[in-house]
Amino acid sequence: DGHLALYPDATLRPRQPLPRARVLRSLTHLLEARDIIRLQKATVRPSVNGGLVLRPAAKGAERTLNVGADAYLFRAYGVGLFQVREVALVGGEPVAYHTNARGEVDYIEVRPAPNGAAAERFSPFTNWTVTLTPAQVAGRLARYAGSIGTLRDLRVAARGSSRRVLDLEVVGTRGSAHVRSGRIRSALELREQLFVISRRYDDAGNIAAYVFTGRGWGHGVGMCQVGAYGMARAGMSYDKILKSYYTGINLTKLY
């Protein structure tokens, strides 16, 4: 019925254990199809006093809602939805959400704004996926985590304000190690540090592969060349483009 979305290679993999987030999302859409619950559609507006301001997709007045402490949060990266602990919203993002009996949001799916700060959508490198086996991950991280024994798992220990990974914990049979800042991208040979990690399991329940799903290609500091190109195509002048990347600046003539 389409409630279990196909993997990128057009397979379902019924014998492979499903990640918890994938099960939650599938059950939610199954219950919605049976008219047991109803996901509401809206667009996020800039928040007011910490409240979630939503403009309904259908006609209606804006609503300000609180998000429950135990709400399930999902963020779209590429074509997939991933469960996250927190979501940074700037306004303009389309969302699908559900409210509980107290009127609080207890489930929400957030997608990138189609006409917002995503001018890099013109780039074929905006979204990417890299799949690595545990042996490949261990080999690439051996220089920074060579004394932890056999690799058991990877954990994102910290993210920056732009949601890029700042601290990657490498867990092994004899302990753990941390890879930080720009070394994460260079060690794993990834395009960017703006990524999430999912896992594929074999029939025995062991991790067979780590899937890194990310956005962008670069160090994440300064002006995105493709993003600037996208803004120019949208009709923005050079000074507006510069001020969108570098806030609080003045442009003056030196000669």
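In what follows, the structure referred to is the one given above.
Residues numbered from 1 in each chain as written. Predicted model: local features only at pLDDT ≥ 70, side-chain atom pairs only at ≥ 80, totals over all residues. Heavy atoms only, no water.

Student: What is the right way to read the overall build of the protein chain from this model?
Tutor: When helices and strands are counted, the protein chain shows five helices and 13 strands. When burial is assessed residue by residue, the protein chain has 36% of its 255 residues classed as buried. Counted over contacts in the protein chain with a minimum sequence separation of 6, partners at least 24 positions apart contribute 49%. Here the protein chain has roughly 15800 Å² of accessible surface; of this, 51% comes from carbon and sulfur atoms. (Helix = DSSP H or I, 4+ residues; strand = E, 2+ residues; numbered from the N terminus. Buried < 20%, exposed > 50% of the residue type's maximum accessible area, 1.4 Å probe, protein only. Contact = heavy atoms within 4.5 Å. Areas by Shrake-Rupley, 256 points an atom, 1.4 Å probe, with all protein chains shown as cover.)

Student: Hey, could you run me through the environment of glycine 51 in this one?
Tutor: Locating glycine 51 in the fold gives a position in strand E2 (residues 51-56). For the pair glycine 51 and valine 67, spaced 16 residues apart in sequence, the C-alpha to C-alpha distance is 7.8 Å. When sequence neighbours within four positions are dropped, the list of residues in contact with glycine 51 reads Thr64 and Leu65.

Student: How should I be thinking about the environment of tyrosine 245 in this particular structure?
Tutor: Tracing the sequence through the fold places tyrosine 245 in helix H5 (residues 238-245). For the pair formed by tyrosine 245 and methionine 223, sequence separation is 22 residues and the distance between their alpha carbons is 5.9 Å. Residues within four places of tyrosine 245 in sequence aside, it is in contact with Gly222, Met223, Cys224, Gly227, Ala228 and Met231. Looking at tyrosine 245, its side chain comes within polar contact range of the main-chain nitrogen of alanine 228, at 3.3 Å. (Polar contact = N/O pair within 3.5 Å; in protein donor to acceptor, adjacent residues only side chain to side chain.)

Student: What is the right way to read the pairing of strand E11 (residues 175-180) from this model?
Tutor: Successive residues of a regular strand alternate their side chains across the two faces of the sheet. Sheet topology note: the strand E10 (residues 165-172)/E11 ladder contains six bridges and is antiparallel. Paired with leucine 168 across the bridge in E11 is valine 179. Between E10 and E11, which follow one another and run antiparallel, lie two residues. (Pairing = 2+ DSSP bridges.)

Student: Explanation requested: the sheet that holds strand E13 (residues 207-215) in the structure shown.
Tutor: Think of a sheet as strands paired side by side through backbone hydrogen bonds, with each pair either parallel or antiparallel. Ordered by their spatial adjacency, three strands build an open sheet running E8-E13-E12, and the pairing between neighbours is antiparallel. Lying at the two open borders of the sheet, with one neighbouring strand each, are strand E8 (127-132) and strand E12 (195-201). The mean inter-strand angle of the sheet, taken between neighbouring strand axes irrespective of direction, is 20°. Inspection of the sheet shows E8 paired to E13 by six bridges, in the antiparallel sense. Bridged to threonine 131 within E13 is valine 211. (Axes fitted to C-alpha atoms, helices over the stretch in contact; angles between N-to-C directions.)

Student: Would you mind showing me how to read the pattern of salt bridges here?
Tutor: Should the charged atoms of two oppositely charged side chains come close, the side chains can pair. Across all of its chains, the model carries nine salt bridges by this definition. Of the charged contacts in the structure, one is a salt bridge between glutamate 62 and arginine 55, with a shortest N-O distance of 3.7 Å. The salt bridge partner of arginine 102 is glutamate 104, with a shortest N-O separation of 3.1 Å. The class for arginine 102 is exposed, based on a relative accessible area of 62%. What makes glutamate 104 partly exposed here is its relative accessible area of 23%. One continuous salt-bridge network, built from bridges that share partners, spans Arg45, Arg55 and Glu62. (Salt bridge = Lys/Arg side-chain N within 4 Å of Asp/Glu carboxyl O.)

Student: What is the right way to look at the nonpolar core in this model?
Tutor: When a protein is soluble and globular, its nonpolar side chains tend to lie buried together. Counting residues in hydrophobic clusters, the biggest one holds 22 residues, and the most contacted among them are Leu154 and Phe212. Secondary-structure elements contributing two or more residues to this core are E8, helix H2 (134-141), strand E9 (151-159), E10, E11, helix H3 (183-188), E12 and E13. When sequence neighbours within four positions are dropped, the list of residues in contact with leucine 154 reads Val137, Leu141, Leu168, Glu169, Val170, Ile197, Arg199, Tyr210 and Phe212. In terms of nonpolar packing, the next biggest core, distinct from the first, is built from 13 residues, Ala71, Leu73, Val95 and Ile108 among them. (Core = buried A, V, L, I, M, F, W, Y, C linked by side-chain atoms within 4.5 Å.)

Student: Help me understand the sheet that holds E9 in this model?
Tutor: The three strands are arranged E9-E10-E11 in an open sheet whose pairing can be described as antiparallel. Each having just a single partner strand, E9 and E11 make up the two edges of the open sheet. Each neighbouring strand pair of the sheet contributes to a mean axis angle of 20°, computed without reference to strand direction. Lying over the sheet, H2 contacts E9, E10 and E11, oriented at roughly 60° with respect to E9.

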